Amino acid sequence: MKKLRNATTLVSLFFFLGCAELQQVVNNLPTGEPVSQNDIILGLKQALEFGVGEGVDLLSKEDGYFKDQAVKILLPEELKKVDEALRKIGLSSLADEGLKVLNRAAEDAVSEAKPIFINTIKGFTFEDAKQLLVSENDLAATQYLQQKTTSQLQTAFSPKIKASLGNVGADKIWKDIINRYNTIPLIKPVNPNLTEYVTEEAIKGLFVKVGDKETEIRNSVSARTTALLQKVFALQ
(Lines give C-alpha, C1' and ligand atoms only; values in the text may rest on other atoms or scores of the structure.)
Protein backbone atom coordinates (compact mmCIF):
# COMPACT_ATOMS: atom_id res chain seq x y z
CA MET A 1 0.00 0.00 0.00
CA LYS A 2 1.29 3.39 -0.95
CA LYS A 3 1.76 5.74 1.99
CA LEU A 4 2.06 9.47 2.16
CA ARG A 5 5.74 10.46 2.21
CA ASN A 6 5.50 11.79 5.71
CA ALA A 7 3.46 8.83 7.04
CA THR A 8 5.90 8.12 9.87
CA THR A 9 5.78 11.72 11.03
CA LEU A 10 2.00 11.75 10.77
CA VAL A 11 1.69 8.66 12.94
CA SER A 12 3.89 10.23 15.58
CA LEU A 13 1.87 13.43 15.49
CA PHE A 14 -1.37 11.51 15.91
CA PHE A 15 -0.09 9.94 19.09
CA PHE A 16 1.76 12.83 20.67
CA LEU A 17 -0.09 16.02 19.73
CA GLY A 18 -3.26 17.28 21.32
CA CYS A 19 -6.48 17.61 19.35
CA ALA A 20 -5.96 21.27 18.47
CA GLU A 21 -2.44 20.73 17.16
CA LEU A 22 -3.53 17.55 15.42
CA GLN A 23 -6.32 19.35 13.61
CA GLN A 24 -3.90 22.00 12.37
CA VAL A 25 -1.65 19.29 10.93
CA VAL A 26 -4.60 17.54 9.29
CA ASN A 27 -5.79 20.78 7.71
CA ASN A 28 -2.41 21.31 6.09
CA LEU A 29 -2.17 17.88 4.48
CA PRO A 30 -2.30 17.86 0.65
CA THR A 31 -5.78 16.34 0.36
CA GLY A 32 -7.45 19.20 -1.47
CA GLU A 33 -9.53 20.39 1.46
CA PRO A 34 -9.39 20.30 5.27
CA VAL A 35 -10.34 17.04 6.98
CA SER A 36 -12.08 17.41 10.31
CA GLN A 37 -11.95 15.04 13.25
CA ASN A 38 -15.58 14.20 12.57
CA ASP A 39 -14.70 13.41 8.94
CA ILE A 40 -12.10 10.90 10.11
CA ILE A 41 -14.56 9.17 12.43
CA LEU A 42 -17.32 9.10 9.82
CA GLY A 43 -14.94 7.93 7.10
CA LEU A 44 -13.79 4.91 9.10
CA LYS A 45 -17.37 4.14 10.06
CA GLN A 46 -18.46 4.33 6.44
CA ALA A 47 -15.65 2.04 5.28
CA LEU A 48 -16.57 -0.58 7.86
CA GLU A 49 -20.28 -0.24 7.19
CA PHE A 50 -19.60 -0.86 3.50
CA GLY A 51 -17.48 -3.88 4.37
CA VAL A 52 -20.11 -5.29 6.71
CA GLY A 53 -22.98 -4.63 4.35
CA GLU A 54 -21.22 -6.10 1.33
CA GLY A 55 -19.94 -9.10 3.28
CA VAL A 56 -23.31 -9.97 4.78
CA ASP A 57 -25.12 -9.48 1.47
CA LEU A 58 -22.71 -11.75 -0.38
CA LEU A 59 -22.65 -14.50 2.22
CA SER A 60 -26.38 -14.56 2.88
CA LYS A 61 -27.14 -15.51 -0.73
CA GLU A 62 -27.49 -19.15 -1.72
CA ASP A 63 -23.98 -20.55 -2.19
CA GLY A 64 -22.53 -17.43 -0.54
CA TYR A 65 -20.36 -19.66 1.61
CA PHE A 66 -20.60 -22.92 -0.30
CA LYS A 67 -19.19 -21.73 -3.64
CA ASP A 68 -16.65 -19.24 -2.31
CA GLN A 69 -13.43 -21.13 -1.66
CA ALA A 70 -12.14 -18.37 0.62
CA VAL A 71 -14.93 -18.88 3.16
CA LYS A 72 -16.46 -22.28 2.34
CA ILE A 73 -17.12 -24.24 5.52
CA LEU A 74 -15.24 -27.52 5.29
CA LEU A 75 -15.62 -30.51 7.57
CA PRO A 76 -13.93 -30.46 10.98
CA GLU A 77 -11.23 -33.05 11.58
CA GLU A 78 -13.63 -35.29 13.48
CA LEU A 79 -15.96 -35.48 10.49
CA LYS A 80 -13.36 -35.91 7.76
CA LYS A 81 -13.03 -39.57 8.68
CA VAL A 82 -16.83 -39.85 8.55
CA ASP A 83 -16.82 -38.38 5.05
CA GLU A 84 -14.06 -40.73 3.89
CA ALA A 85 -15.77 -43.78 5.36
CA LEU A 86 -19.13 -42.98 3.76
CA ARG A 87 -17.53 -42.54 0.34
CA LYS A 88 -15.77 -45.89 0.67
CA ILE A 89 -19.09 -47.66 1.20
CA GLY A 90 -20.84 -45.92 -1.71
CA LEU A 91 -22.53 -43.03 0.09
CA SER A 92 -20.76 -40.15 -1.66
CA SER A 93 -24.01 -38.31 -2.41
CA LEU A 94 -24.94 -38.30 1.26
CA ALA A 95 -21.49 -37.02 2.19
CA ASP A 96 -21.73 -34.24 -0.42
CA GLU A 97 -25.15 -33.17 0.86
CA GLY A 98 -23.84 -33.14 4.43
CA LEU A 99 -21.17 -30.60 3.53
CA LYS A 100 -23.58 -28.43 1.54
CA VAL A 101 -26.15 -28.11 4.33
CA LEU A 102 -23.53 -26.89 6.81
CA ASN A 103 -22.85 -24.00 4.46
CA ARG A 104 -26.57 -23.44 3.92
CA ALA A 105 -27.03 -23.01 7.66
CA ALA A 106 -24.32 -20.34 7.74
CA GLU A 107 -25.88 -18.55 4.77
CA ASP A 108 -29.22 -18.60 6.55
CA ALA A 109 -27.81 -17.15 9.79
CA VAL A 110 -25.22 -14.58 8.71
CA SER A 111 -27.66 -11.65 8.50
CA GLU A 112 -27.72 -11.68 12.31
CA ALA A 113 -24.30 -10.02 12.20
CA LYS A 114 -25.29 -6.72 10.62
CA PRO A 115 -27.02 -5.01 13.59
CA ILE A 116 -24.24 -6.12 15.96
CA PHE A 117 -21.58 -4.65 13.69
CA ILE A 118 -23.47 -1.42 13.11
CA ASN A 119 -24.01 -0.89 16.83
CA THR A 120 -20.28 -1.34 17.49
CA ILE A 121 -19.31 0.95 14.62
CA LYS A 122 -21.57 3.68 16.01
CA GLY A 123 -19.42 3.72 19.14
CA PHE A 124 -16.24 4.68 17.25
CA THR A 125 -14.28 7.51 18.85
CA PHE A 126 -11.80 9.86 17.23
CA GLU A 127 -9.03 8.08 19.15
CA ASP A 128 -10.11 4.76 17.63
CA ALA A 129 -10.42 6.19 14.14
CA LYS A 130 -7.12 8.08 13.98
CA GLN A 131 -5.12 5.01 15.00
CA LEU A 132 -6.89 2.72 12.57
CA LEU A 133 -6.64 5.17 9.67
CA VAL A 134 -2.86 5.48 9.70
CA SER A 135 -2.14 1.86 10.63
CA GLU A 136 0.35 -0.03 8.49
CA ASN A 137 -1.99 -3.03 8.83
CA ASP A 138 -4.49 -3.22 5.95
CA LEU A 139 -6.86 -5.13 8.25
CA ALA A 140 -6.59 -2.90 11.31
CA ALA A 141 -10.23 -1.82 11.35
CA THR A 142 -11.47 -5.34 10.64
CA GLN A 143 -9.39 -6.74 13.48
CA TYR A 144 -10.67 -3.99 15.77
CA LEU A 145 -14.22 -4.98 14.87
CA GLN A 146 -13.36 -8.64 15.38
CA GLN A 147 -12.08 -8.00 18.90
CA LYS A 148 -15.14 -5.94 19.81
CA THR A 149 -17.86 -8.16 18.35
CA THR A 150 -16.81 -11.83 18.28
CA SER A 151 -18.36 -12.66 21.65
CA GLN A 152 -21.62 -10.93 20.72
CA LEU A 153 -21.64 -12.65 17.33
CA GLN A 154 -21.21 -16.06 18.91
CA THR A 155 -24.11 -15.38 21.26
CA ALA A 156 -26.33 -14.17 18.43
CA PHE A 157 -25.25 -16.76 15.86
CA SER A 158 -25.45 -19.90 17.99
CA PRO A 159 -29.26 -20.12 18.36
CA LYS A 160 -29.73 -18.90 14.80
CA ILE A 161 -27.31 -21.53 13.46
CA LYS A 162 -29.07 -24.20 15.50
CA ALA A 163 -32.41 -23.14 14.04
CA SER A 164 -30.88 -22.84 10.57
CA LEU A 165 -29.52 -26.39 10.75
CA GLY A 166 -33.13 -27.43 11.22
CA ASN A 167 -34.48 -25.09 8.55
CA VAL A 168 -32.20 -26.47 5.85
CA GLY A 169 -32.55 -30.06 7.02
CA ALA A 170 -28.94 -30.33 8.15
CA ASP A 171 -29.81 -31.77 11.54
CA LYS A 172 -31.69 -34.71 9.97
CA ILE A 173 -29.07 -35.25 7.28
CA TRP A 174 -26.23 -35.28 9.76
CA LYS A 175 -28.15 -37.47 12.19
CA ASP A 176 -28.48 -39.98 9.36
CA ILE A 177 -24.82 -39.58 8.36
CA ILE A 178 -23.53 -40.05 11.88
CA ASN A 179 -25.87 -42.93 12.64
CA ARG A 180 -24.73 -44.74 9.51
CA TYR A 181 -21.09 -44.05 10.28
CA ASN A 182 -21.43 -45.22 13.86
CA THR A 183 -22.78 -48.60 12.67
CA ILE A 184 -19.63 -49.34 10.65
CA PRO A 185 -17.71 -52.13 12.43
CA LEU A 186 -14.51 -51.30 14.30
CA ILE A 187 -14.86 -47.51 14.22
CA LYS A 188 -14.96 -45.09 17.11
CA PRO A 189 -18.40 -43.40 17.31
CA VAL A 190 -18.54 -39.62 16.86
CA ASN A 191 -20.94 -37.01 18.20
CA PRO A 192 -19.78 -33.58 16.96
CA ASN A 193 -21.27 -30.26 18.08
CA LEU A 194 -22.29 -28.98 14.65
CA THR A 195 -23.89 -25.78 15.99
CA GLU A 196 -20.68 -24.67 17.68
CA TYR A 197 -18.51 -25.57 14.70
CA VAL A 198 -20.66 -23.90 12.03
CA THR A 199 -21.03 -20.80 14.24
CA GLU A 200 -17.25 -20.39 14.52
CA GLU A 201 -16.66 -21.01 10.82
CA ALA A 202 -19.46 -18.66 9.73
CA ILE A 203 -17.98 -15.83 11.82
CA LYS A 204 -14.49 -16.46 10.45
CA GLY A 205 -15.80 -16.29 6.91
CA LEU A 206 -17.65 -13.06 7.59
CA PHE A 207 -14.50 -11.32 8.81
CA VAL A 208 -12.66 -12.51 5.70
CA LYS A 209 -15.17 -10.59 3.60
CA VAL A 210 -15.10 -7.48 5.79
CA GLY A 211 -11.31 -7.55 5.64
CA ASP A 212 -11.33 -7.86 1.86
CA LYS A 213 -13.39 -4.67 1.60
CA GLU A 214 -11.17 -2.77 4.03
CA THR A 215 -8.05 -3.76 2.11
CA GLU A 216 -9.70 -2.74 -1.16
CA ILE A 217 -10.62 0.71 0.17
CA ARG A 218 -7.17 1.27 1.64
CA ASN A 219 -5.36 0.27 -1.53
CA SER A 220 -7.60 1.27 -4.40
CA VAL A 221 -8.79 4.81 -5.04
CA SER A 222 -11.57 3.44 -7.26
CA ALA A 223 -12.98 1.53 -4.27
CA ARG A 224 -13.53 4.82 -2.40
CA THR A 225 -16.94 5.35 -3.87
CA THR A 226 -17.99 8.37 -1.81
CA ALA A 227 -16.50 11.83 -1.41
CA LEU A 228 -16.01 11.17 2.30
CA LEU A 229 -13.99 7.99 1.72
CA GLN A 230 -11.87 9.75 -0.90
CA LYS A 231 -11.13 12.64 1.42
CA VAL A 232 -10.41 10.64 4.57
CA PHE A 233 -8.37 7.81 3.05
CA ALA A 234 -6.22 10.31 1.19
CA LEU A 235 -4.65 10.88 4.62
CA GLN A 236 -2.96 7.49 4.32
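Values in this document were obtained by computation on a predicted structure and should not be read as measured data.

### Focus: the packing of aromatic side chains
Each aromatic ring pair is specified by the distance between its two centres and by the angle formed by the two planes.
And step 1. By the definition in use, this model includes two aromatic pairs.
And step 2. On the basis of an interplanar angle of 70 degrees and a centroid distance of 5.5 Å, the ring pair of F117 and F207 is categorised as edge-to-face. Here F117, found in helix 6 (residues 113-122), pairs with F207, found in helix 10 (residues 194-219); they are 90 residues apart in sequence, far enough to count as distant.
And step 3. With a relative accessible area of 0%, F117 lands in the buried category.
And step 4. Ring centres 5.1 Å apart and planes at 85 degrees place the aromatic pair F124 and Y144 in the edge-to-face group. With a gap of 20 residues between them, F124 in the loop between helix 6 and helix 7 (126-133) and Y144 in helix 8 (residues 140-167) connect regions that are remote in the sequence.

### Let's talk about the pattern of salt bridges
And step 1. The full count for this structure, using the stated rule, is 16 salt bridges.
And step 2. Of the charged contacts, one joins R104 and E62 as a salt bridge, the two residues approaching to 3.7 Å between their closest N and O atoms. Here the residue R104 occupies a position in helix 5 (residues 92-109), and E62 occupies one in the loop between helix 3 (37-59) and helix 4 (77-88), the gap between them amounting to 42 residues.
And step 3. The exposure class of R104 is buried, given its relative accessible area of 16%.
And step 4. Overall, E62 belongs to the exposed group, its relative accessible area being 63%.
And step 5. Residue R87 pairs with D83 through a salt bridge whose shortest N-O separation is 2.8 Å.

### Describing the nonpolar core
And step 1. Ranked by internal contacts, the top residues of the largest apolar core, which has 67 residues, are L44, Y65, F157, W174 and L206.
And step 2. Ranked by the residues each element gives to this core, the list is headed by helix 10, at nine residues.
And step 3. Excluding residues that lie within four positions of it along the chain, Y65 makes contacts with L59, V71, K72, I73, N103, A106, E107, V110, E201, A202, G205 and L206.

### Here's the deal with the environment of K175
And step 1. Along the chain, the position of K175 falls in helix 9 (residues 170-182).
And step 2. Judged by its relative accessible area of 57%, K175 is exposed.
And step 3. K175 sits 77 residues away from G98 along the chain, and the two C-alpha atoms are 9.9 Å apart.

### Here we look at unusual backbone geometry
And step 1. Non-glycine residue D63 carries a positive phi angle of around 75 degrees.
And step 2. Relative to the elements of secondary structure, D63 occurs in the loop between helix 3 and helix 4.
And step 3. The class for D63 is buried, based on a relative accessible area of 17%.

### What about the confidence of the model for the chain?
And step 1. Of the residues in the chain, 86% reach a pLDDT of 70 or more, and the chain-wide mean stands at 82.
And step 2. Looking over the chain, one finds the lowest element-wise mean pLDDT in helix 1 (residues 7-16), namely 38, and the highest in helix 10, namely 93.
And step 3. The low-confidence segment residues 1-31, where pLDDT is below 50, has 41 contacts with residues more than four positions distant or belonging to other chains.

Reading guide: rules and limits
- Residues numbered from 1 in each chain as written.
- Predicted model: local features only at pLDDT ≥ 70, side-chain atom pairs only at ≥ 80, totals over all residues.
- Heavy atoms only, no water.
- Phe/Tyr/Trp six-rings, centres within 6.5 Å; stacked < 30°, edge-to-face > 60°.
- Helix = DSSP H or I, 4+ residues; strand = E, 2+ residues; numbered from the N terminus.
- Buried < 20%, exposed > 50% of the residue type's maximum accessible area, 1.4 Å probe, protein only.
- Salt bridge = Lys/Arg side-chain N within 4 Å of Asp/Glu carboxyl O.
- Core = buried A, V, L, I, M, F, W, Y, C linked by side-chain atoms within 4.5 Å.
- Contact = heavy atoms within 4.5 Å.
- pLDDT = per-residue confidence, 0-100.

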